[in-house]
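What follows is each chain in one-letter form.
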Amino acid sequence: MGSFAGIIREKGSFIPEEKKEELGLRMKELFHRSGMMHTVKFSLHGKNIYLLKDVEVEDNRIFAWYNYFEEDSWEVAGFDYKECRVYSEKVGGRYFVKAVIAAYILQELYTQGTTMVYIDNNVIKGYGYVSWINYLFNEKYHIKNYDAWKLFEMCHYEDDNIIEGDEWFDFGDKYNGFLAQLEISAVQNGYKKTLEMYDYKQDKEDSNMEKMLYNILSNSVIEMEKFKNTCPMNRDEQLNMIIDSIRNYDNIRDLIKEYKALDLGLISISIVGVNAFIVKVIAELYEVDFWDLWDKVKDIAKRSSIFEELPYYLLPLSTEKFFKKSPDDMIYYWNEGEEWNFSEDVKVWFSELKEKFDELMAADYKQENLIKYVFELLYEANCEYYGIYAFNTFFEESIDNINDKRYQVLWKMFGDMINNPELKETGKAIYKDGDKEKGLYSSWLFIEENDKNNIARATLKRYLALLANKELRAKVFGF
């Protein structure tokens, strides 16, 4: 299982040189904040444990295959600093893919030229992603590409038909999106079928603007058909006149008024702008290839003022809301200066941890061979509770301070947790019939979220996150 995400770019699109450094810095922060990591293996006496490692720039790349929020691994994704682009393979369908798509959206926002982010056969519209990016970097972006026609056109010229037909019809800003629907549908299905699909003669709840657009274009069809059937010119002369009229509509409108049907047929241009719908009508009436005809007018194709770029930016969306995670589950990401918005239960837990820490520090406690002890604890935790990983930073910090009683005590407290009878009982929720020996009751991908996040696993994850977060650890334990 799994999905594939990516970005399509028109030829000639680029990221400005002066923006590349900023994009690289922001990309690292985005991967970090979205829970993207990878694992490193540590072996001792024929046994292996895995440690979590946050994203870092290595060999001009950042890379990840594990997502902290999803607690699962997929194929490698990251950012190539040399080529200044996001890359990915199979990305799953939950938090991992959300992080990867956000990275592609950030790349898109920095790219000059038409681009489109997709997953499988679906266009990514980007609203929530851009809102989160605005939150992360205190920006005021709106979605870059809200005109589905531009993206559809780009896919044609890039010979990339990855997006399925129906996917184009729920896209972008309301009025602009509706015009693009008419254009794309006409190219895909023909203008007659499109008019039948969007027949607004019946009483419907659609906006007056949409009805107006429909009426303008459908009346243009009537007049263009009338012009073809009544004009004394031959076919080629008619077609050449139409193309000239489209290209020079504002300048030669007075000259074509004697051909009233043509004038009325092209009047939509003055309201809507040169658009693919009317060009498709002409292509069908005169039996020419639409794209050949579009090539003759696309350089002047432009939306009228009612379809100008969206004037508003998307309101910031916090990381907690974007990933639907509570602050309690984001202990690893807390920074000094941020709100102390943990739940009351976790605040009480912090106090209890400090009390236990002080008690053990005052007692006559010493742990010999700390490396072996920690290794065995982590090995046992993964066997007992599944997928419980320490962070490599605190693991290495502990090794560097092997004789420091504070580190010995913190690991002793972790050992007490994993051997707590109540936590052991609660942790059985992920196993078949509550029996660890029978294995998981389903593949990890399909274990219910409530079972994955049982209080035992949540407690162990939060504690290991607390140890790895130096700023928060200092507030709780004093170092």
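Here, the structure is the one placed above.
Undergrad: Can you help me understand helix α1 (residues 20-33) in this one?
TA: Every α-helix winds through 3.6 residues per turn, so residues three or four apart in the chain are directed the same way. Over its 14 residues, α1 runs 20 Å from end to end, which matches the ideal 20 Å to within 8%, given 1.5 Å per residue. The complete set of buried residues in α1 reads L23, G24, R26, M27, L30, F31, H32 and R33.

Undergrad: Can you help me understand the pattern of salt bridges in this one?
TA: It is possible for side chains of opposite charge to pair when their charged atoms get near one another. Scanning the entire structure with this criterion turns up 28 salt bridges. With a closest N to O distance of 3.3 Å, E425 and K428 form a salt bridge. Owing to a relative accessible area of 51%, E425 belongs among the exposed residues under this scheme. Salt bridges here are not isolated pairs; linked through shared partners, they connect E29, R33 and E338.

Undergrad: Looking at this structure, I do not really get the layout of surface pockets. What am I missing?
TA: Size it by volume and the second largest pocket reaches roughly 340 Å³. Of all the secondary-structure elements, those providing two or more residues to the lining of the second largest pocket are α15 (344-362), α18 (405-418) and α21 (455-468). Of all the elements, α15 adds the most residues to the lining of the second largest pocket, at seven residues. For the lining of the second largest pocket, the residue count by class is eight nonpolar, three polar and six charged.

Undergrad: What is the right way to read the packing of helix α16 (residues 370-385) against α18 from this model?
TA: Think of two packed helices as two axes; the pair is described by the angle between the axes and how far apart they sit. Close contact between α16 and α18 brings their axes to 10 Å; oriented N to C, the two are set at 25°. One way to sum up the angle between α16 and α18 is to call them roughly parallel. As for how α16 packs across α18, the hand of that crossing is left-handed. Across from L370, Y373, V374, L377, L378, E380, A381 and Y385 in α16, the residues of α18 making contact are Q408, W411, K412, F414, G415, M417 and I418.

Rules and cut-offs
- Residues numbered from 1 in each chain as written.
- Predicted model: local features only at pLDDT ≥ 70, side-chain atom pairs only at ≥ 80, totals over all residues.
- Heavy atoms only, no water.
- Helix = DSSP H or I, 4+ residues; strand = E, 2+ residues; numbered from the N terminus.
- Expected span 1.5 Å × (residues − 1).
- Buried < 20%, exposed > 50% of the residue type's maximum accessible area, 1.4 Å probe, protein only.
- Salt bridge = Lys/Arg side-chain N within 4 Å of Asp/Glu carboxyl O.
- 1 Å grid on protein atoms, 1.4 Å probe; cavity = no way out; pocket = protein on both sides within 12 Å on 5 of 7 lines; lining within 4 Å.
- Points joined across faces, edges and corners; volume = space filled by probe spheres on them.
- Nonpolar A, V, L, I, M, F, W, Y, C, P; charged D, E, K, R; others polar.
- Axes fitted to C-alpha atoms, helices over the stretch in contact; angles between N-to-C directions.
- Parallel < 35°, antiparallel > 145°, perpendicular 65-115°, else oblique.
- Left-handed = near helix turned anticlockwise from the far one by under 90°.
- Contact = heavy atoms within 4.5 Å.

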